[in-house]
Amino acid sequence: PEIRIYENEVAENAHIALSVKALIEAGTPAGRIGIIYREHKYGDELQKFLHLAGVPYYVKKSLDLLNDHFISRILNIMRYFISEDDKPYSGEYLLFEILHYHFFSIEPLTIARITNEVYENQRRKKGPQTLREYINAVDARQSGMLFPTDEVSGELGKIGAVLNMLQKEAHNLPLQQWFEKLINEAGVLSYIMESEEKIWLMEMLSRFVISRLPTNL
């Protein structure tokens, strides 16, 4: 037996994953290797390192997909369209949060400025009075232009076009096809491919589609 001390949890997980990989490469059957940890939350982090190291593993507990931060952001986008279909502009609080997601390239300070401008429009009863109206107005101004007037307007224009497309197609496509458009067009797939945890995120997304994706919106 050996007792090891690590600087932090990241160093510990990295060493465990690489040690297991070395054992397998040396001829130890993967099924003969066991890892015991104190709480499931530590196992969740370790699984990410095993994924990155290309180490096969099996866990007895099922992943809590609905509480995973990545999956919850996708669910919030779906909830936004449900709210908007139920009552127009009722999902504004969700849209404010969604704009902060890494799927889009909008800085928090820019979102704050836009929100303040919308608030002032509401007070003066002039101009776009919701975030969605503001985004649509920017999208309309960018329509037909070869290049966006500026980086922020270009990104808002893309977001507006995606929001309008997804809301319309929710009434015209089967959920699986609509969900595929959400992943491809709303920046989710690009975020996954640029992430250092792309393998883990793709695994989580696949499990969600197979086991948790609802039959309809």
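These numbers come from a predicted model, not from an experiment.

Draft legend 1. Focus on helix 8 (residues 175–185). Among the residues of helix 8, Leu 175, Trp 178, Phe 179, Leu 182 and Ile 183 are the ones counted as buried. For helix 8, the arc enclosing every buried residue in end-on projection is 140 degrees, short of the 170-degree limit, so these residues lie on one face. Buried positions along helix 8 lie against helix 3 (69–86), helix 7 (151–169), helix 9 (188–194) and helix 10 (198–211).

Draft legend 2. Here's a closer look at the confidence of the model for the chain. Model confidence for the chain is summarised by a mean pLDDT of 88, while 92% of its residues fall at 70 or above. Looking at the elements of the chain, mean pLDDT is at its lowest for helix 2 (residues 40–53), recorded as 81, and at its highest for helix 4 (residues 92–98), recorded as 97.

Draft legend 3. Structural view of helix 7. The end-to-end C-alpha distance of helix 7, which contains 19 residues, comes to 27 Å, matching closely the 27 Å that a straight helix rising 1.5 Å per residue would cover. Ser 153, Gly 154, Glu 155, Leu 156, Gly 157, Ile 159, Gly 160, Val 162, Leu 163, Leu 166 and Gln 167 are the residues of helix 7 that are buried. Against the buried residues of helix 7 lie helix 3, helix 4, helix 5 (108–124), helix 6 (131–142) and helix 8. Two or three places before Val 152, at the start of helix 7, stands the capping residue Asp 150, its side-chain oxygen 3.1 Å from that residue's backbone nitrogen.

Draft legend 4. Structural detail: empty space enclosed by the protein. One pass over the full model with this rule turns up one cavity of 30 Å³ or more. Space inside the largest cavity adds up to approximately 40 Å³. In terms of lining, the largest cavity is formed by Ile 77, Phe 81, Ile 98, Phe 104, Val 162, Leu 163, Leu 166, Leu 182 and Ala 186. Looking at the lining of the largest cavity, the elements that each hand over two or more residues are helix 3 and helix 7. Here the lining of the largest cavity takes three residues from helix 7, the largest share from any one element.

Draft legend 5. Main features of the packing of helix 3 against helix 8. At their nearest, the axes of helix 3 and helix 8 sit 12 Å apart, and the two run at 115 degrees to each other. Regarding helix 3 and helix 8, the two cross each other, and that crossing is right-handed. Side by side, helix 3 and helix 8 meet where Ile 74, Ile 77, Met 78 and Phe 81 of the first sit next to Leu 175, Trp 178, Phe 179, Leu 182 and Ile 183 of the second. The class makeup of the residues in the contact of helix 3 with helix 8 is nine nonpolar, no polar and no charged.

Draft legend 6. A look at the packing of aromatic side chains. One pass over the full model with this rule turns up seven aromatic pairs. The interplanar angle of 85 degrees and the centroid separation of 5.7 Å between the aromatic rings of Phe 81 and Trp 178 together place this pair among those described as edge-to-face. Taken together, the positions of Phe 81 in helix 3 and Trp 178 in helix 8 put the pair 97 residues apart, joining distant regions of the chain. Taken together, Phe 70, Tyr 101, Phe 103 and Tyr 191 form an aromatic cluster joined through their ring pairs.

Reading guide: rules and limits
Residues numbered from 1 in each chain as written. Predicted model: local features only at pLDDT ≥ 70, side-chain atom pairs only at ≥ 80, totals over all residues. Heavy atoms only, no water. Buried < 20%, exposed > 50% of the residue type's maximum accessible area, 1.4 Å probe, protein only. Helix = DSSP H or I, 4+ residues; strand = E, 2+ residues; numbered from the N terminus. Arc of directions from axis to C-beta. Contact = heavy atoms within 4.5 Å. pLDDT = per-residue confidence, 0-100. Expected span 1.5 Å × (residues − 1). Polar contact = N/O pair within 3.5 Å; in protein donor to acceptor, adjacent residues only side chain to side chain. 1 Å grid on protein atoms, 1.4 Å probe; cavity = no way out; pocket = protein on both sides within 12 Å on 5 of 7 lines; lining within 4 Å. Points joined across faces, edges and corners; volume = space filled by probe spheres on them. Axes fitted to C-alpha atoms, helices over the stretch in contact; angles between N-to-C directions. Left-handed = near helix turned anticlockwise from the far one by under 90°. Nonpolar A, V, L, I, M, F, W, Y, C, P; charged D, E, K, R; others polar. Phe/Tyr/Trp six-rings, centres within 6.5 Å; stacked < 30°, edge-to-face > 60°.

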